[in-house]
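# Structural description and commentary
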Amino acid sequence: MKHDTSSSVSMLSQARRALLPWVTLIVKRRQQFMLGALLIWLTLAAGLALLGLSGWFITACALTGIAFLLGMPARLDVYVPGGGIRFFALLRTVARYVERLYNHNTVLRLLADLRYRVFGQLMQLDEAALRRQRVSDWLGRLTADIDALDNLYLRLLMPPLVSLLIIVGVSLFMAIWLPGVALWVGGVLLLLWLGLTYGMARLSFAHSHRQVADQEGLRRLVVDQLQASAELIAYRTAAWHRNQVEAHEDAALDNQRRLGRSVAVGNSIIGVITGLLLLGMVWVGGMMVASDVIAGPILVMLLLVLLGINEVFVPLPGAFARLGGSVAAAERLNALGPDRVLNKDQSLPAHGLGLTLDHVTYRYSASVEPALDSVSFKLAAGEQALITGRSGAGKSTLAALLTGRLAPFSGDVRVGGCLPVRVPECQRSQRIALLTQQVDLFDASLEDNLRLGNPDASDDALWDVLESMALDEWVKSLPRQLQTPVGERGQQLSGGQARRVALARLLLMNPSVVILDEPFAAIDYDTAEKVANALAKWLAGRTVIFFAHHGFIGGLTQQIKHHWHLSAGELSQRK
Amino acid sequence: MIEQSLTARSWLKTLATLERRRLHLAAFLGVLAGVQTVIIVVGLAWLVEQLTVHQQSPSQLVGVLVLLALCVLGRGICQWAQETISLEASLCIRQHARRQMLDKYWSLGPVWLAYQQSGALATQAVENIEALDGFFARFYTQLRIVAMLPLLILLVVVKLDYLVAVFLLLSAPIIPLFMALVGMGAERINRDQFAAVARLSAHFLDRVRGMSTLQLFGRTASAHKDVWWATDDYRRLSMRTLRLAFLSSAVLEFFASVAIAVVAMYVGFGLLGYIEYGPAPSLTLFSGLAVLLLAPEFFQPLRTLSQHYHDRATALGAAESLVTVLNESSIQRSLLNEPDAADDIAVLKNVSVEYASRGRVLGPIDLTVKKGSVIAISGPSGSGKSTLLALLAGFLTPSQGSLQLAQPRYAWLDQQPSLLHGSLADNLRLANPDADRSAMLVALRQAGLKALLDKLPHGLDTLIGERGIGLSGGQAQRLALARIYLSDASLILLDEPTASLDTETEEVVIQALLVWAAQGRTMVMATHHPAAIKAAQRHLEMRNGHLEEMSYET
């Protein structure tokens, strides 16, 4: 708390900057938001009215009863307040139920909006950014972060608004009888509201902002302990590493302790302030009754409304103490977007496409050595080339450059005379096809995975390509045939089957350029021979690059015109 | 099995016992805060009667007002203390539980860990332990408060008006009954809901993970729409089930509201003199108002408990998966003895290793490793070489036979040296935490990493690995070599250290290791490298779990 004013300004601007895009999303559902808030307000107001009216009723009855006993003339209509009490009791129950249903529905709609938006950002990332995200275990955080923003609605936006409306409503109601007192009560409650929202956020912002980062740090240390357990045992350094884990854990728990204590202070302050306010009201109200400014039953009604008002504030401290956490989640999601978006204004020529690389260099931001170092080659339309090299030599970088999912650091990549990064995705994907080394199948049916290659393909076409890849008999033997689910990441399939499904998917397309990274990896020799023929037929006339570790690409070597070798990012001629 | 098998419930119970004092103190404070609330509302009722019926002026009531103000402050302090103390209990319990998990991983050993996903295990030790928080910080205490406080309130109400007390007593058991009825359905729905959410998240992550493929096939736009529709479909489905699930909270709300309404009507009519049976004729404004205000307080602890009910479900779910790990059987390191002869490093007699799932993977074998010897073990993959090395390293205990190990500090190197999330220096400290920077630089130079070091932006303090500079396989293996140099271990165990390297680096690493071993160190390596086999004094061939002596120089 050294730089008091600057830190509060920066907290607000940091929160605004991080949350603005997401709040905008919520504002789009303004009507649902208002109606949801109104329903919560109605629930709380009905509760207060129930208590207040009951107090009024009992006091009025007591005074009338005493008057009866004294033989004084007295009349009390018991039916209207009795009906009112029953009405508010029912209203509170029904409003609570409807409110929960309605707001839950809105939150789920919002979740769809949020995921849509995040996906939209991820869509525009290039291969380098996607690869970075694949290695980090951040992907697991993604849904938790989106849920944190989903909570924004029910925890950070709705309760302060509703409690403010209740404060205003209660003050106005009091002002009917005691305008001066109402002003004071409203003022105190407003200050409490401010303290529980802004004050709470201020007090705990840094702590809750850190919380997830703390957890991630701890997680990384635990992963280290697990992965390096052999070395840690061997070198007798387990205790050394364990000390690091425990020191980190201590710091993380200490942070949680501070956060929890702030929330506890906030929670108990509600009771203290509203309690003292109530007693103050007893004092002032007592004076007013003594001097006949207001009637006894009215005072009791106002007292009971004040007694019940603490319920309105209960959700605030916990929610606002965790503002920092929501801001941190928003910041992580905001950081996802692409650094820059290139204009997609080039169009590939209709005829066959040749490839030209001119002194192309690419360096990933996290490495010392370039992945590709001044690579140049020319491949005319319809020619085939083989590029060998071990893993890590730069093959997948080269493939990403040719398919326009990476922009070169320096040098020039051209496909059919165009820069592939500037060609719109729909056109690029139809003309330039890539079989990646790692097969990506989606958790859907076999059919859906095949149709990724061509959504309009007929069932016959699907069976044709399955036959070419020697998969037809296997698929026919499955109880659900084309509808068979492949499981998450294709786990239900063997490596060789998944590879052939990926090849079949490719065969449904009609691209001008084809890049095959280890086409027969994980496929046994006999099967490779079988499917090579069909593949060769399909490849004829297209511009083709084969990538292979040791140069094994089955029976596909006849048409190869060039053989290059990639080693540590440098390309050289072979043969 | 030596350890007693745990269940989620019994484990949570044991953990709670650790912090019994704090948890009970917190519950006591919660009850104390409740008692003060009772005093406040009863006092309020009394004040109201004095002001309105007896026409006292507030200045005559200062004493009671001050008493109530003290109660308000006291209640605030009790609430704060309750929350703080149960938070402390939860923090201590989680710390203890996490240590227990980490110790368990430790005692399961590297061989068991190799078959697990370390990310998933880390989730167990981090997120799943955190998920226990609500149970100990809130639910556990509240459960004890619920057992005490309503009873106390009931006693006060009996004193004021026994008919209201009877009404509350009758409605109290109805609530859990209703909640159980609704809850039983709701719990199943909750589970389904949970599964649906998990499926939906998996769908989303599946699409994100396959983003490159979607881009390659030009299908990002349609997947984008898919994401929205999948979530929206889920919304429509779940709204149908939630209509029932939300009934349980509505039931509580209904009873709390109805209690106020019924008590208000009863008291009102009683005060008017319309009710002539039971205690009604003796009702006063004080007793009437007091029971009215106590009625919602009677239900409040139960309402709070129902809000924390999901904490229990969350903790049970997390504990369930944690105890499955805790119930795995550990390596029994206590069974390892020192060899009888001083110059023996390891003595294996009739040793075999069996797994329940895979049967016998090694043995029976006999082997003595003498101090200063260099042994090469070759053999096809899966023949048991790694198992033998794991035995020598103490990562496994034999299923049969006797294993004697002198366990000096030793160096371990396999195909994939582990990189810590940290700086280059941190990664070297793994082998020797006390090493100074100049020793690190010497070791790096010796391992042929001088060129890399010169290129790193912050030298030894450069972050490497996932969050920093990526290292190639060769560079990582050289780093492991530098660790060996830095540790100065006298025994070196190598499990195919060069299998993933290119020929050039492989040659350098093997030669460096042989030179290092030749300076009087003991080395056992599983390898196919001809130079290494040639340089070794002993060459053993492993076939189907049995050793064959190929050559032995003395």
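Residues numbered from 1 in each chain as written. Chains lettered and ligands numbered in written order. Predicted model: local features only at pLDDT ≥ 70, side-chain atom pairs only at ≥ 80, totals over all residues. Heavy atoms only, no water.

So, on to the overall build of chain B. What chain B contains, in helices and strands, is 18 helices and eleven strands. Against the compact-globule benchmark of 24 Å for 554 residues, chain B has a radius of gyration of 35 Å, which places it well outside the compact range. The dimensions of chain B, computed from C-alpha atoms along their principal axes, are 115 × 65 × 50 Å. In chain B, of all internal contacts separated by at least 6 residues, the share reaching a separation of at least 24 is 76%. For chain B, the computed accessible surface area is about 23900 Å², with 58% contributed by carbon and sulfur atoms. If you average the places of the 46 positive and of the 46 negative side-chain charges in chain B, the two averages end up 4 Å apart. (Helix = DSSP H or I, 4+ residues; strand = E, 2+ residues; numbered from the N terminus. Rg over C-alpha atoms; globule rule 2.2 N^0.38 Å. Contact = heavy atoms within 4.5 Å. Areas by Shrake-Rupley, 256 points an atom, 1.4 Å probe, with all protein chains shown as cover. Lys, Arg positive; Asp, Glu negative; His and termini not counted. Charge placed at Lys NZ, Arg CZ, Asp CG, Glu CD.)

Glancing now at the packing of aromatic side chains. Summed over the entire model, instances satisfying the criterion amount to 16 aromatic pairs over all chains. Both rings, one in F254 of chain B and one in F255 of chain B, keep their centres 6.0 Å apart while their planes meet at 85 degrees; by these two values the pair is edge-to-face. By relative accessible area, F255 of chain B is classed as buried at 14%. Within the aromatic cluster, the residues linked to one another by ring pairs are F135, F136, F139 and Y140 of chain B. Directly above the ring of W463 of chain A sits K476 of chain A, whose terminal nitrogen or CZ lies 5.4 Å from the centroid. The positively charged end of R542 of chain A is found above the aromatic ring belonging to W538 of chain A, 4.4 Å away from the centroid. (Phe/Tyr/Trp six-rings, centres within 6.5 Å; stacked < 30°, edge-to-face > 60°. Buried < 20%, exposed > 50% of the residue type's maximum accessible area, 1.4 Å probe, protein only. Lys NZ or Arg CZ within 6 Å of the ring centre and 35° of its normal.)

Next up on the list: the side chain of S86 of chain B. Of note, S86 of chain B is situated in helix α3 (residues 62-114). The residues contacting S86 of chain B, other than those within four sequence positions of it, are A26, F136, A137 and T141 of chain B.

Residue and element names in this part refer to chain A. Contact pair helix α2 (residues 30-69) / helix α9 (residues 296-308): the axes reach a minimum separation of 7 Å and the direction vectors enclose 150 degrees. Regarding the angle of α2 to α9, the classification is roughly antiparallel. The crossing of α2 and α9 is right-handed. Touching L48, L51, G52, L53, G55, W56, T59, A60 and L63 of α2 are G296, P297, I298, V300, M301, L304, V305 and G308, all from α9. Class assignment for the residues of the contact of α2 with α9 results in twelve nonpolar, five polar and no charged. (Axes fitted to C-alpha atoms, helices over the stretch in contact; angles between N-to-C directions. Parallel < 35°, antiparallel > 145°, perpendicular 65-115°, else oblique. Left-handed = near helix turned anticlockwise from the far one by under 90°. Nonpolar A, V, L, I, M, F, W, Y, C, P; charged D, E, K, R; others polar.)

Right, let's get into the environment of V53 of chain B. By the element assignment, V53 of chain B lies in the loop between α2 (20-52) and α3. The spacing of V53 of chain B and L285 of chain B is 232 residues in sequence and 8.0 Å in space, taken between C-alpha atoms. Non-local contacts of V53 of chain B, meaning those with residues more than four positions away in its chain, are made with L63 and I66 of chain A together with V48 and L285 of chain B.

Size of an interface: often given as the accessible area lost when the parts come together. Between chain A and chain B, the contact holds 132 residues from the first and 135 residues from the second. For the pair chain A and chain B, the summed buried surface comes to about 12500 Å²; carbon and sulfur atoms form 68% of the total. Taken as a group, I58, F119 and Y235 of chain A account for 7% of the area that chain A buries against chain B, more than any other trio of residues on that side. Along the contact surface separating chain A from chain B lie eight salt bridges. A salt bridge links E88 of chain B to R257 of chain A; the nearest nitrogen and oxygen atoms lie 2.9 Å apart. The tally of links from chain A across to chain B stands at 28 residue pairs in polar contact (both at pLDDT 80 or more). Tallying contributions element by element places helix α8 (residues 238-290) of chain A first for the side of chain A that touches chain B, with 28 residues. (Buried area = accessible area lost by both parts, 1.4 Å probe. Salt bridge = Lys/Arg side-chain N within 4 Å of Asp/Glu carboxyl O. Polar contact = N/O pair within 3.5 Å; in protein donor to acceptor, adjacent residues only side chain to side chain.)

Residue and element names in this part refer to chain A. In this model, chain A carries a mean pLDDT of 85, and residues with pLDDT of at least 70 account for 95%. Across chain A, the element-wise mean pLDDT spans from 73 in helix α4 (residues 127-135) up to 94 in α8. A low-confidence stretch, residues 1-5 stays under pLDDT 50, and its non-local contacts, those more than four residues away or across chains, total two contacts. (pLDDT = per-residue confidence, 0-100.)

A word on the sheet that holds strand β3 (residues 384-388) of chain A. All names here are of chain A. Strand order in the open sheet formed by six strands is β5-β6-β7-β3-β8-β9, and the pairing between neighbours is mixed. Looking along the sheet, the strands with just one partner apiece sit at the ends: β5 (432-435) and β9 (570-573). Across the sheet, the mean angle from the axis of one strand to that of its neighbour is 20 degrees, orientation sign disregarded. One ladder, built from five bridges, connects strand β6 (residues 513-517) with strand β7 (residues 543-548); its direction is parallel. Looking at β7, one finds that I515 is bridged to I545. Strands in contact with helix α13 (residues 395-402) are β3, β5, β6, β7 and β8 (560-567); relative to β7, the strand with the most contacts, it is inclined by about 160 degrees. (Pairing = 2+ DSSP bridges.)

On the surface, L276, W283, V284 and M287 of chain A together with V62, V66, L70 and L73 of chain B cluster together into a nonpolar patch covering about 630 Å² of accessible area. For the nonpolar patch, the secondary structure elements donating two or more residues are α8 of chain A together with α3 of chain B. You can see V62 of chain B is positioned in helix α3. Classification of V62 of chain B by relative accessible area gives partly exposed; the value is 35%. (Patch = residues over 30% accessible without salt bridge, like charges linked within 9 Å, V, L, I, M, F, W, Y side chains within 5 Å.)

What follows concerns the sheet that holds strand β2 (residues 372-379) of chain A. All names here are of chain A. Spatially, the three strands line up as an open sheet ordered β2-β1-β4, and their pairing is antiparallel. Strands at the two margins of the open sheet, each flanked by one partner only, are β2 and β4 (410-415). The average undirected angle you get between the axes of adjacent strands in this sheet is 15 degrees. With five bridges joining them, strand β1 (residues 355-362) and β2 adopt antiparallel strand pairing. Residue pairing in the sheet places L355 in a bridge with L379 of β2.

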